[in-house]
Every structure is written in structure tokens, then in C-alpha cells.
Amino acid sequence: MARLLHGGRDLGPHAFVLPLRDPETHCPFAGITIGDIGPKQGYNGVDNGFMMLDHVTLPRDHMLMKNASMSADGVYSPPRVAKASYGTMISVRAGIVATAGLSLAKAATIAVRYCAVRRQTAAEGESLETQVLDYANCSAALLPLVASAFALHATGRHMRRMYANHEASADSGNFGGLAELHATSSGLKAVCTWMTGDGIEAARRCCGGHGYSALSGLPDLVGDYNAQVAYEGDNNVLSLQTARFLLGQLRALGQARPQGDAAYLARCSTLDTDTCTAANEADISQPQVLLAALEHASCRAVTVAAAAFDAAVAAGSTVDGARNTLAVPLIAASKAHCEAVIMRCLCAFADDAPPELATIFSRLTTLFGLERMHATLGPLLADGH
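Okay, so let's go over this structure.

About the criteria used
- Residues numbered from 1 in each chain as written.
- Predicted model: local features only at pLDDT ≥ 70, side-chain atom pairs only at ≥ 80, totals over all residues.
- Heavy atoms only, no water.
- Helix = DSSP H or I, 4+ residues; strand = E, 2+ residues; numbered from the N terminus.
- Buried < 20%, exposed > 50% of the residue type's maximum accessible area, 1.4 Å probe, protein only.
- Contact = heavy atoms within 4.5 Å.
- Phe/Tyr/Trp six-rings, centres within 6.5 Å; stacked < 30°, edge-to-face > 60°.
- Lys NZ or Arg CZ within 6 Å of the ring centre and 35° of its normal.
- Polar contact = N/O pair within 3.5 Å; in protein donor to acceptor, adjacent residues only side chain to side chain.
- Pairing = 2+ DSSP bridges.
- 1 Å grid on protein atoms, 1.4 Å probe; cavity = no way out; pocket = protein on both sides within 12 Å on 5 of 7 lines; lining within 4 Å.
- Points joined across faces, edges and corners; volume = space filled by probe spheres on them.

Note on placement: His-62 falls in the loop between strand 4 (49-53) and strand 5 (69-70). For His-62, a relative accessible area of 22% puts it in the partly exposed group. In this structure, the C-alpha to C-alpha distance between His-62 and Leu-271, residues 209 residues apart in sequence, is 53 Å. Excluding its chain neighbours within four sequence positions, the residues that come into contact with His-62 are Phe-16, Val-17 and Pro-19.

Next up on the list: the packing of aromatic side chains. The full count for this structure, using the stated rule, is three aromatic pairs. Measuring from ring centre to ring centre gives 5.8 Å for Tyr-43 and Tyr-231, while their planes differ by 50°; the resulting arrangement is tilted. Placement of the pair is Tyr-43 in the loop between strand 3 (32-36) and strand 4 and Tyr-231 in the loop between helix 5 (218-230) and helix 6 (235-251), with a sequence separation of 188 residues. Seen from their ring centres, Phe-349 and Phe-361 are 5.4 Å apart, and the 80° between their planes marks the pair as edge-to-face. With Phe-349 in helix 10 (residues 327-351) and Phe-361 in helix 11 (residues 358-375), the pair connects residues that are 12 residues apart, well separated along the chain. When its relative accessible area of 18% is taken as the criterion, Phe-349 is described as buried. Chaining the aromatic ring pairs together yields one cluster made of Phe-150, Phe-349 and Phe-361. Directly above the aromatic system of Trp-194 lies the positively charged group of Lys-335, at a separation of 5.2 Å from the ring centroid.

With that out of the way, let us pick up the environment of Asn-235. Along the chain, Asn-235 turns up in helix 6. Owing to a relative accessible area of 3%, Asn-235 belongs among the buried residues under this scheme. Separated by 146 residues in sequence, Asn-235 and Leu-381 place their C-alpha atoms 28 Å apart. In contact with Asn-235, other than residues within four places in its own chain, are Lys-189, Ala-190, Thr-193, Trp-194 and Val-229. Side chain to side chain, Asn-235 and Lys-189 meet in a polar contact 2.8 Å long. Within the local environment of Asn-235, its side chain forms a polar contact with the side chain of Thr-193, the two groups lying 3.0 Å apart.

Moving residue by residue along a regular strand, the side chains alternate between the two faces of the sheet. The pairing of strand 1 (residues 2-6) with strand 2 (residues 9-14) spans four bridges and is classified as antiparallel. For Ala-2, the partnering residue across the bridge sits in strand 2 and is His-14. What sits between the antiparallel neighbours strand 1 and strand 2 is a turn of two residues, in which Gly-7 has the positive phi angle 60°.

This next bit is on the layout of surface pockets. Approximately 490 Å³ is the volume found for the second largest pocket. Lining the second largest pocket are 18 residues, with Ala-2, Arg-3, Phe-16, Val-56 and Leu-58 sitting closest to its centre. For the lining of the second largest pocket, the elements supplying multiple residues, two or more each, are strand 1 and strand 4. Per-element accounting of the lining of the second largest pocket gives the leading share, five residues, to strand 1.

Following this line, the structure appears as C-alpha cells:
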């Protein structure tokens, strides 16, 4: 990606094919300096490198011209949508979301199987030592990871469908869903990789010393997966992109009803009277009740962030200054939204489960929802929900 300069104008980033090495000598072309960045925490099967360019020029036909083009006589044709060329970047983020569940499932499978086989200390009056998985602290750490793995798998399928639908629409000239796709893929890339990275490490710790052994597969999985937390955009910056979209949806409530994954934000107008419908323990275990709680938490986080942002701008702050000052509540709003999206995806996935698996997936959905609601219980209680 490089800026296209033409006729004294900066036309912004465009995509080009850049040959790096002479095909005869395999040495870099003149003006190109490349090298390996050296060992990393993990992911060393990929030889990430650096590149410096010094007055490197390219012929016109090395420009990728699907969305924007430059004719031989210098006539520039801009893309129909300025950010159309970002599609490949969004595709990679969608792929990261789609594979998060598989990576967490690997770690959860290793740890659950180990802790089911491993025994430690016999209970009073028992001759057989207790399975480690039967210790409450262990099951409380591991079993939500199993639920989370399925939740992330369901979310990955949803993200893939969103991207495929966008590509089909874009081919016919309709880019109407690009803003939501960008916001959703950005926020989910952040939250799904955070959840998976933290979950893999939690699974490793549950295996004690054997989890520290490379033979368990877990240390390599920790090191390799953490690359996904870092690459294709800093997670905090991506979350701010999602927050910007959410604030825009909130401000448009008077003129248009939110659509897609943000449709529930319509409830922001009645937030103060939106209380939990559960009357007992059985009610609070219903997936739809838990989903409503997470959506409420997101509505409140978005509303609070928007109010603080507008107050900062009204007090004289620039828009960029307000985004920086309020980065913490903005990122919190993005995370709350993405957790609600993940819960909705899991609910839909469970609803489609074969009859013989319906009970299992219902329990997994409840477990995931309770674990997420417990994490945000303070705001829900303070809010009166």
C-alpha cells in the first residue's frame, strides 16, 4: 500500500505489486533494503521482516486497478467508495475471528482432558484421589473456556457470512454494509483475540507443571497465538474504530433505527426503565435473559461514552482530543458491544443444534452468558438492571 501522487495531488493509499528481488540473482533490487526482524515470543515459523524503500519507482501497470485506475494518458478514475480497497484487510480480520474458536478449543481440549485424568489428594474417607477437574476452582476456570470456544466458533461463522454478503453486494456496486462490516470486524478481532489469548494461558495454568512443559503443546500455542492479538491492527485502536461507529448509530436514533448487529441500540432511548425480567434462578439461566443483560450493559456503556464525548467537545476539546482523553470508556463500549454480539451468535448457533445436542448447547450458552454477565455485574447492579 502506498500513496498515489498525481498532478500535484495526493490521492491517498492505493495497492501496488512491488517486486523485491532480481529473479536472476535473488538480491534485492536497487533502493530496497530487506531483512528478518529476528526471533519473537512465538510464531517463528513465519519469517517476519522489515523493508526500507529509497526512491523506488514502479511502472503504471503494477497498480492493482480493480477499484481505482490510472490510464496510460494520466486520467485517474477513483473508486466508487473511497475505502473499497480495504476489503482484503477486512477479509483477514474476518479470518482471525473465524479461527479464534478453534485455537481456544485446542487449549481447552488439552487442559480438560488432562485435568480429568490427573488426580490429586484423596478426600476424607475416600481411597481414590480426586480428579483435578472436580475441584471447583479448576472447573470454574476451564468449563467456561469450553463454552467460550463454541461462542467464538459461532461468531466466526457469523463474521464469514457478513464478509461473503458484503463481497456479493460490492460486486454489484452496493457498498452500503461496508461501515458496519468494518466496525464489526475491527471490534470482534480485538475481543475474540483477547478472549482466546487469555483463555489459552488460563488453560495452560490449570495444567500446573505439565502445562509449562512444551510437550503439552500449550506453551507453543500461547506464544504463537499471541501474534494474532498484535497483528492486523492494535486491538485498542481497532476498538476505537468500533466505538466511533456505535456513537454514530446512537446519534442517528432519532432519524433511523439501528440495523444489523447494532439493532439492539434502539433500546438506548428507554434504558432507564429497562430492567431484567428474571424472577428466580431458573429465569436468570435462560439464554435470552442473559443476552438482554449483555445488550443492556452495552447500551449503557455506549450511552455513557457518547455523553462524555459530547461534553468534552462542547467544552472546547477537538474531536481527536476527545477520542484520546476518553479512550478508556470508548474501548469499554466497544468490548461490551462485541460481547453482546458474541452471545447473540452463540444463542443462534444453539438454536440450530441437532436435537440430540440441544441440551448440551443450551447449557453451554447459559454458562457463557452467566460468565460474561458476572464479569459486568457491577455496572448492571449500579445501573438498576
